[in-house]
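# Per-entry structural report
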Amino acid sequence: MLKDYSFDQTAVQTFDDHVALALKTEDLQVYYGNNHAMHDANLAFPKNQITALIGASGSGKSTYLRSLNRMNDTIATVTGKIWYHGVDINQPDVNIYEIRRHIGMVFQRPNPFAKSIRENIIYALRATGIKDKKVLNQRVEQSLKGAALWDEVKDTLDKSALALSGGQQQRLCIARSIAMEPDVLLLDEPCSALDPISTVKVEETLLELQKKYTIIIVTHNMQQAARISSQCAFFHLGHVMEYAPTATMFSTPKIQVTQDYVSGSFG
Amino acid sequence: MNAKRKDLLATIIIDVIVATVVGILVFLLAYILISGLPHVSWSFLTGSADSFSGAGGIGVQLFNSFYLLILTMLISIPISLGAGIYLAEYAKDNWRTRLIRSAIEVLSSLPSVVVGLFGFLLFVVKFKIGFSVISGAIALTFFNLPLLTRNIEESLSAVSRSQREAGLSLGLSKWKTEIGIILPVALPGIVTGVVLSAGRVFGEAAALIYTAGQSAPVTNFADWNPMDAASPLNPLRPAETLAVHIWKVNTEGLASNAAQLSAAASAVLIIAVLLFNLFARVLGNYLYRRVTASK
Ligand SMILES: Nc1ncnc2c1ncn2[C@@H]1O[C@H](COP(=O)(O)OP(=O)(O)OP(=O)(O)O)[C@@H](O)[C@H]1O
Ligand SMILES: [Mg+2]
């Protein structure tokens, strides 16, 4: 049985004006039909940092994350504001395809296209109008290097991506996302289908990538959150309960439910 | 009876059923081929039949069957592709979509004679097109569309949701995702369905008797201008197909060797349909490897 924690007491940090923010949500609500799955999420994400979203299963982490690049458009009603470069991108007239090029996403299960490794990366690039072979090849190399996959696949770029291992496929999915040169990278439990060695590789990749990108990652693994993230938000039953620098969150959580969750005595 | 024995018994029963089905199939094929093939010769395959007695070769009929098939596919593939993509991807689950689905189901269960008579009344009589390749092709399209649409919709729906999400999350439009990512994965299934339906169309007789007609005017195979009346490509000429020819020779053929003629023609038809099936497999596998770059 879950203990009844009050949703009135939350501890959500805000940032001073001089902190550059990549993305910020204001009173974000998500409804699946009548199911109010996300309440009043007010989170700001500092640029070039990794923010981890943690919480129990069903607490709304994916729901929140998928709202950020409007992937929930067809399955849920999302209200509230999502600020990105001074524009509220949660508006009906915003070009969602454009948004998704700036805010990339990597999913829980590796989902490479049933195409060659090279095609996986350049298919969407070509759709944006880049036709120059040289530029495309450059992007393939850059992004694969960025995802720490280049050395393993540089000789088999024209082989099927489906022949890669799960960990390699996931890094290919990361490469595919960063090839679009997004600002923000959203990752939904990218390591949950991976073995420990692949997980370490992906984590190293992310730590490297934060120099260029703002990363928001959902994870079930608290050690992972501790290892790679600077900020950490704790979700509980559709509410953001606490948001703080990761070190603070794990050493001195401000509210009871977070304390119970990070200490493992949850529920 | 313990689980192991039950399992064994069930396996035996299933094996017997499968063996029966395969046995019947093999028997039928062997019977048709053995009684027909000895009468198949090059002159039979290329010669033309006497329009009155039905005696002679099946060259024109064979050509007609292929021509009709190609025309039918040219009309029905684009339509069913559009319909299949719409149903799999764009249609909302509401009463309109359900109505469309039931309509497709009804259409697919129409007896082909009815489709033929409908085509006869509408195209041949009402629109005054006459017995012609094009009337036949349109009638066959009616009969082909529901199955193809179904097949395409199912092949597309079978592709994992995560592939769609991957495409959309890269900023690809729904259309681009569907055409560039989902369709290639579904293509082998679609191609298999198309070629199998080609086999069905190839063997169809009832719907064609009243639409493409039962006569095969001798055509001039040196004239490939579709506008010329004598050209084999003229879509407005009547065109008896192989299947219709078999039916005709059997029911009203006056040739002394009618039985042998129809047996030979049946063997040719069966071989063609078998080749379609084989081709469907090979092409499906080939395309899959091509588009997915696997080996
Ligand atoms: N597509 C959907 N349709 C309807 N309800 C949904 C859908 N996706 C999620 N939900 C509901 O929203 C709530 C939050 O789910 P969500 O998937 O965001 O949780 P999560 O924190 O990501 O969990 P997990 O750690 O298991 O991935 C749950 O109650 C779930 O039932
Ligand atoms: Mg989730």
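Residue positions are given per chain, counted from 1 along the sequence in the order it is written. Numbering of ligands from 1 and lettering of chains from A proceed in the order in which they are written. Given that this is a predicted model, residues contribute local features only at a pLDDT of at least 70 and side-chain atom pairs are listed and counted only at 80 or more, while totals for whole chains, interfaces and linings are drawn from all residues. Neither water nor hydrogens contribute to the side-chain values; these are computed over all heavy atoms in the structure.

## Remarks on the nonpolar core
All names here are of chain A. Side-chain atoms within 4.5 Å are what join buried Ala, Val, Leu, Ile, Met, Phe, Trp, Tyr and Cys residues into a set we call a nonpolar core. Relative accessibility decides the category of a residue: with a 1.4 Å probe and only protein chains considered, values under 20% of the type maximum give buried, values over 50% give exposed, and everything between is partly exposed. Core analysis: the biggest nonpolar cluster contains 108 residues, and Leu144, Leu206 and Ile215 have the highest contact counts within it. Contacts are assigned to residue pairs with any non-hydrogen atoms lying within 4.5 Å of each other. Beyond its immediate sequence surroundings of up to four residues, Leu206 is in contact with Ile50, Leu187, Ile215, Ile217 and Ile228. Formed by 31 residues, the second largest nonpolar core is a distinct cluster that contains Leu65, Leu68, Met71 and Val184.

## Let's talk about the interface of chain B and chain A
Opposite the 22 residues of chain B that make contact, chain A presents 26 residues. Using a 1.4 Å probe, buried area is obtained as the accessible area two parts lose upon being combined, added over both of them. At the boundary of chain B with chain A, total buried surface from both sides reaches about 1,900 Å², with 61% on carbon and sulfur atoms. Broken down residue by residue, the surface that chain B buries against chain A is led by Glu165, Ser169 and Leu170 of chain B, which jointly contribute 31%. Any carboxyl oxygen of Asp or Glu that lies within 4 Å of a side-chain nitrogen of Lys or Arg is treated as forming a salt bridge with it. Linking chain B with chain A are 1 salt bridge. Between Glu165 of chain B and Arg66 of chain A there is a salt bridge, and its shortest N-O distance comes to 2.9 Å. Any N or O atom pair separated by 3.5 Å or less is treated as a polar contact, with the protein-specific requirement of one donor-capable and one acceptor-capable atom, and with residues adjacent in sequence counted only for side-chain atom pairs. Here chain B is connected to chain A by 5 residue pairs in polar contact (both at pLDDT 80 or more). Counting residues per element, the ones that place at least two in the side of chain B that touches chain A are α7 (161-169), α8 (174-203) and α11 (258-292) of chain B. Helix numbers and strand numbers start at the N terminus; a helix is a DSSP run of H or I with at least 4 residues, a strand a run of E with at least 2. Ranked by residue count, the leading element in the side of chain B that touches chain A is α7 of chain B, at 7 residues.

## With respect to the confidence of the model for chain A
Per-residue pLDDT for chain A averages 91, and the proportion of residues at 70 or more is 99%. Mean pLDDT values over the elements of chain A span from 85, in strand β1 (residues 11-12) of chain A, up to 96, in strand β10 (residues 214-218) of chain A. For every residue, the pLDDT score states the predictor's confidence, bounded by 0 at the bottom and 100 at the top.

## Quick notes on the UniProt feature "transmembrane region" (unreviewed entry) in chain B
UniProt positions are given in the numbering used here, feature names are shortened, and annotations may be inferred rather than shown by experiment. UniProt feature "transmembrane region" (unreviewed entry): in the numbering of this structure it lies at residues 12-34, 66-87, 99-123, 129-148, 179-198 and 258-280 of chain B. Between the end C-alpha atoms of residues 258-280 of chain B there is a gap of 33 Å, over a span that is 100% helix and 0% strand.

## Some details on the site of ligand 1
All names here are of chain A. What makes a residue near a molecule or strand is one non-hydrogen atom of that residue sitting within 4 Å of it. Close to ligand 1 lie 13 residues; Ser57, Gly58, Ser62, Thr63 and His220 are nearest. Gly58 places a polar main-chain atom, nitrogen or oxygen, 2.8 Å from an oxygen atom of ligand 1. In the model, an oxygen atom of ligand 1 is placed 2.6 Å from a nitrogen or oxygen of the His220 side chain. Expressed as a share of its isolated accessible area of 630 Å², the protein-covered part of ligand 1 is 62%. Taken together, the elements giving at least two residues each to the shell around ligand 1 come down to β3 (35-41) and α1 (61-68). Charged residues are taken to be Asp, Glu, Lys and Arg, nonpolar residues to be Ala, Val, Leu, Ile, Met, Phe, Trp, Tyr, Cys and Pro, and polar residues to be all remaining types, Gly included. Classifying every residue of the shell around ligand 1 by side-chain character gives 3 nonpolar, 8 polar and 2 charged. Per-residue accessibility takes into account occlusion by the displayed protein chains alone, with areas from the Shrake-Rupley method and a 1.4 Å probe.

## Focus: the pairing of β10 of chain A
Residues and elements named next belong to chain A. Most of β10 is tucked away: 5 of the 5 residues are buried. Side chains Thr214, Ile216 and Val218 of β10 all project onto a buried face; the interleaved residues Ile215 and Ile217 project onto the opposite face, where all are buried too. Pairing between two strands is assigned when DSSP locates at least 2 bridges connecting them. Both strand β5 (residues 50-55) and β10 contribute to a ladder of 4 bridges, which runs parallel. Within β10, the residue paired with Thr51 across the bridge is Ile216. In the sheet, strand β9 (residues 184-188) pairs with β10 via 5 bridges, with the strands oriented parallel. Each bridged residue has a counterpart across the sheet, and for Asp188 the counterpart in β10 is Val218. With the strands aimed away from the viewer, a crossover counts as right-handed if its path from the first strand over the helix to the second runs clockwise. As a crossover connection, the stretch from β9 through helix α7 (residues 196-209) into β10 is right-handed.

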